[in-house]
Amino acid sequence: MSEEKKSLNFIEQIIEEDLSKGLDKSKLRFRFPPEPNGYLHIGHAASICLNFGLGQSYNAPVNLRFDDTNPTKEEQEYVDAIKQDIKWLGFEWAEELYSSDYFQQLYDWAILLIKKNKAYVDDQSSDEIAVQKGTPTQVGSNSPFRDRSVEENLALFEKMKNGNFEEGSHVLRAKIDMSSTNMLMRDPIIYRVLKKSHHRTGNDWNIYPMYDWTHGESDYIEQISHSICTLEFKNHRELYNWFLDQVYDDNNLRPKQREFARRNLSYTVMSKRKLLQLVEEGLVNGWDDPRMPTISGLRRRGYTPKSIRDFSETAGIAKRDNVTDIALLEFHIKSELNKITPRVMAVLDPVKVVITNYPENKEEILIAENNPEDENAGTREIPFSREIYIEKEDFREQANKKFFRLKLDKEVRLKNAYIIKANSVVKDENGEINEIHCTYDKDSKSGSGSEASKRKVKGTIHWVSIEHAVQAEVRLYDRLFTDEAPDSHKDKDFKEFINPYSLKIIKNAYVEPSLKSAKIGERFQFQRLGYFNVDDDSKTEHLVFNRTVPLRDSWAKMEQKK
RNA sequence: UGACCCAUGGUGUAACGGUAGCACUCCGGUUUUUGGUAUCGUCAGUCAAGGUUCGAAUCCUUGUGGGUCAACCA
């Protein structure tokens, strides 16, 4: 076999370089560090696949670390959901850890910082500190409290910790450089007073560490070799390294932060803040609404873990901002579902067909292939009778030669059944077609091997036997937004681009009887229509299907062009 | 009037000084009892200008365009 050299992404190249410079392969260790303040989305999936993928290819441990340093926003509900989503995606973490596990160590190190005269307690308000910070083009100025004695700082910090100060009254700051061109280096805040109960540490702490102080030190504690985050943290790297310098010991591994571009998807939004807004304002039905780009939404929609992993792999990673075409995600889900889903027949917009030369009480069982893509998928039985439903749009009284479906005086094949010819229509007082009267060629039964069955008829349409069909609810989804990048418009709110037709509910669809026992989560291809799964709301007496994604429809495309 | 990062077909990525490749999308053909699938094919790209070099997408300079940074958020 010719082994084709797979090109490495830039993170892998950095790792290879470190390895070639002498880093022991057994020292490789990664982490995925979500804040438990929302649900994971397809953008996180990129990071998850990257980190856990590196773990797999280098046989290195990957920790799941909840970055829970802000008790005002974090909840156990999110912790549970995040764990479920990662598992569902097919990954296993080495250890489940929490930044809050390190609160004591972080506190001890802060004391050390004070003793080294590299941190001080500032009594100023948040506004005063902000003013002193300057602007990107203007240097900041020193706090009047910057030169407090070590003893005083120690005493004050102790008081902060003990709850003797009110929120907002005091902070601990690193003493770095108020004139740095990097705003983050202008004496960043390390600790703030927050008298809030934490989802894990309860009321143990009155002070909580900030992200920058926490993240690098946590990486160090866990001996993470490569700490991979998104581009907006690029400017934090200098501070990450400064904090590391304060505690670093030569005998240990020194973590390295590297940044890649977050993955954006067209026709949706990806920020947790905006997704939360959609949920809270009732614009969608929760975090797992099938229109949401969340992992739980995609799961409910019928996406498979593999399709999401394949998508992440194909999209790749790099350092430039991007908006990936959602068609790529759809390509991967269609490609997988094509291979694995059983084909069934369902009619979403029914019109009645009467086969006038078919005996009134007769019913016969036809055999249908479950999946032409899978020889082992077997066959199933489908009942056929005199009265059936077909899709309204599969019939026209008159149409040109391009219309490969049922029309007056022309023939069409009923999938897995007979060739029929339309003879007449029965209309109501409004001119709506109530019934289509057809005759069938009784020798043309599919698979019978007869001459008639081998006749070439241009079109094949799906159907269900009225007497045997099961009524079902079908939910059709379209993209949530009408704009490719709804949050890229400076003058417009992203919600202005919400697609009012993103959800269409069909109450009276009819599915073939084999679906009567379909279970929640099961996936099917409704032939000629798309891929569907059974929604969480589904019950035996009231089946509910979601359309995961439609089939490619070149006919619809042709029609549209006209 | 700052610092840092980025710039390859419509989209996402590869090429690590030596033939600009892959995938998606779009468009067209063939096959087909799904207008699906499969299969074949077409269109289409190195931000600009200089420089270094036998040779530049790649290195350098300048410019242009985009992004990030002034939360007691992460």
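Analysis parameters
Residues numbered from 1 in each chain as written. Chains lettered and ligands numbered in written order. Predicted model: local features only at pLDDT ≥ 70, side-chain atom pairs only at ≥ 80, totals over all residues. Heavy atoms only, no water. Buried < 20%, exposed > 50% of the residue type's maximum accessible area, 1.4 Å probe, protein only. Helix = DSSP H or I, 4+ residues; strand = E, 2+ residues; numbered from the N terminus. Pairing = 2+ DSSP bridges. Phe/Tyr/Trp six-rings, centres within 6.5 Å; stacked < 30°, edge-to-face > 60°. Lys NZ or Arg CZ within 6 Å of the ring centre and 35° of its normal. Core = buried A, V, L, I, M, F, W, Y, C linked by side-chain atoms within 4.5 Å. Domains from an automatic or database assignment. Contact = heavy atoms within 4.5 Å. Axes fitted to C-alpha atoms, helices over the stretch in contact; angles between N-to-C directions. Parallel < 35°, antiparallel > 145°, perpendicular 65-115°, else oblique. Left-handed = near helix turned anticlockwise from the far one by under 90°. Nonpolar A, V, L, I, M, F, W, Y, C, P; charged D, E, K, R; others polar. Near = heavy atom within 4 Å. Polar contact = N/O pair within 3.5 Å; in protein donor to acceptor, adjacent residues only side chain to side chain. Salt bridge = Lys/Arg side-chain N within 4 Å of Asp/Glu carboxyl O. Buried area = accessible area lost by both parts, 1.4 Å probe.

Here the focus is the pairing of strand S5 (residues 171-174). The alternating pattern of S5 places Val-171 and Arg-173 and Leu-172 and Ala-174 on opposite faces, both of which are buried. One ladder, built from four bridges, connects strand S4 (residues 119-122) with S5; its direction is antiparallel. Bridging from a neighbouring strand, Val-121 pairs with Leu-172 of S5. Strand direction decides the pairing type here: S5 and strand S6 (residues 189-193), joined by three bridges, are antiparallel. Along S6, the bridge assignment pairs Val-171 with Arg-192.

Inspection of the entire model under this criterion finds 26 aromatic pairs. Of the aromatic side chains, those joined through ring pairs into one cluster are Phe-103, Tyr-107, Phe-157, Tyr-191, Trp-205 and Tyr-208. It is Lys-161 that lies over the ring of Tyr-107; its NZ or CZ is 4.8 Å from the centre. Between Lys-274 and the ring centre of Phe-494, over which it is positioned, the NZ or CZ distance is 5.8 Å.

Grouped together as the largest cluster of nonpolar side chains are 43 residues, with contacts concentrated most on Ile-15, Ile-42, Ile-48, Phe-52, Leu-54, Ile-86 and Leu-329. When residues of this core are traced back to their parent elements, those giving at least two are helix H1 (10-20), strand S1 (30-32), helix H2 (42-57), strand S2 (62-66), helix H3 (76-89), helix H10 (295-301), helix H11 (305-315) and helix H12 (326-340). Considering each element in turn, this core owes the most residues, seven residues, to H2. When residues of this core are assigned to domains, at least three map to each of domain 1 (25-260) and domain 2 (272-342 + 472-561). Each residue touching Ile-48, except ones within four places of it in the same chain, is listed here: Phe-32, Leu-40, Gly-53, Ile-86, Leu-89 and Phe-91.

Packed helix pairs are characterised by how far apart their axes lie and by the angle those axes make with each other. Where H11 contacts H12, the two axes come as close as 9 Å, and the packing angle between them is 135°. Considered as vectors, H11 and H12 are oriented oblique to each other. Two packed elements cross with a definite hand, and for H11 against H12 that hand is right-handed. Mapping the contact onto sequence places Lys-306, Ser-307, Asp-310, Phe-311, Thr-314 and Ala-315 in H11 and Leu-328, Leu-329, His-332, Ile-333 and Glu-336 in H12. Its residues assigned to classes, the contact of H11 with H12 shows five nonpolar, three polar and three charged.

Close to RNA strand B lie 70 residues; Gln-13, Arg-320, Arg-343, Ser-446 and Arg-528 are nearest. By atom count, sugar and phosphate contribute 64% of the portion of RNA strand B lying within 4 Å of the protein. Take Asn-70: an N or O atom from its side chain is 3.0 Å from a sugar or linking oxygen of RNA strand B. In the model, a phosphate oxygen of RNA strand B is placed 3.1 Å from a nitrogen or oxygen of the Arg-552 side chain. Elements supplying a minimum of two residues to the surface near RNA strand B: S6, H11, H12 and helix H13 (554-561). A per-class count over the surface near RNA strand B returns 20 nonpolar, 26 polar and 24 charged.

A few words now on the pattern of salt bridges. Under the definition given, this model contains 40 salt bridges. Across the pair Arg-148 and Glu-152 runs a salt bridge whose closest N-O atoms are separated by 3.4 Å. For Glu-152, a relative accessible area of 36% gives the class partly exposed. Note that Asp-288 and Arg-300 form a salt bridge whose closest N and O atoms lie 3.3 Å from each other. Here the residue Asp-288 occupies a position in the loop between helix H9 (272-280) and H10, and Arg-300 occupies one in helix H10, the gap between them amounting to twelve residues. Residue class for Arg-300 comes out buried when judged on its relative accessible area of 14%.

Another aspect to go through is the domain arrangement of chain A. Parsing chain A into structural domains produces domain 1 (25-260), domain 2 (272-342 + 472-561) and domain 3 (352-377 + 390-462). Placing a centre on the C-alpha atoms of domain 1 and another on those of domain 2 gives a separation of 36 Å. Taken together, the contact pairs 21 residues of domain 1 with 22 residues of domain 2. For the pairing of domain 1 and domain 2, the buried interface totals around 1900 Å² over both sides, and the portion due to carbon and sulfur atoms is 71%. Considering only the surface of domain 1 that becomes buried against domain 2, Tyr-39, Ile-42 and Trp-88 emerge as the three largest contributors, covering 36% of it. The interface formed by domain 1 and domain 2 contains one salt bridge. Ionic pairing is found between Arg-299 and Asp-85, a salt bridge with its closest N-O pair at 3.0 Å. Taken together, domain 1 and domain 2 are joined by six residue pairs in polar contact (both at pLDDT 80 or more). The set of elements that each furnish at least two residues to the side of domain 1 that touches domain 2 consists of H2, H3 and strand S9 (256-260). Looking at the side of domain 1 that touches domain 2, the element that brings in the most residues is H2, giving six residues.

For Gly-286, the location among the structural elements is in the loop between H9 and H10. Along the sequence, Gly-286 and Asp-321 sit 35 residues apart, while their C-alpha atoms lie 28 Å from each other. For Gly-286, the residues in contact, after removing those within four places along its chain, are Val-279 and Met-292.

Here we have four strands laid out as an open sheet, ordered S4-S5-S6-S7, and antiparallel in their pairing. Looking at strand neighbours, the two that pair on one side only are S4 and strand S7 (207-209), the edges of this open sheet. Direction aside, neighbouring strands of the sheet carry axes that sit 20° apart on average. In the packing of helix H4 (residues 103-115) onto the sheet, the strands contacted are S4, S5, S6 and S7, and the crossing angle to S6 comes to about 115°.

Following the sequence through the fold, Ser-307 ends up in helix H11. For the pair Ser-307 and Gly-55, spaced 252 residues apart in sequence, the C-alpha to C-alpha distance is 20 Å. Every residue in contact with Ser-307, bar those within four places of it in the chain, is listed here: Leu-329, His-332, Ile-333 and Glu-336. Polar contacts involving the side chain of Ser-307 include one to the main-chain carbonyl oxygen of Thr-304, which spans 2.7 Å.

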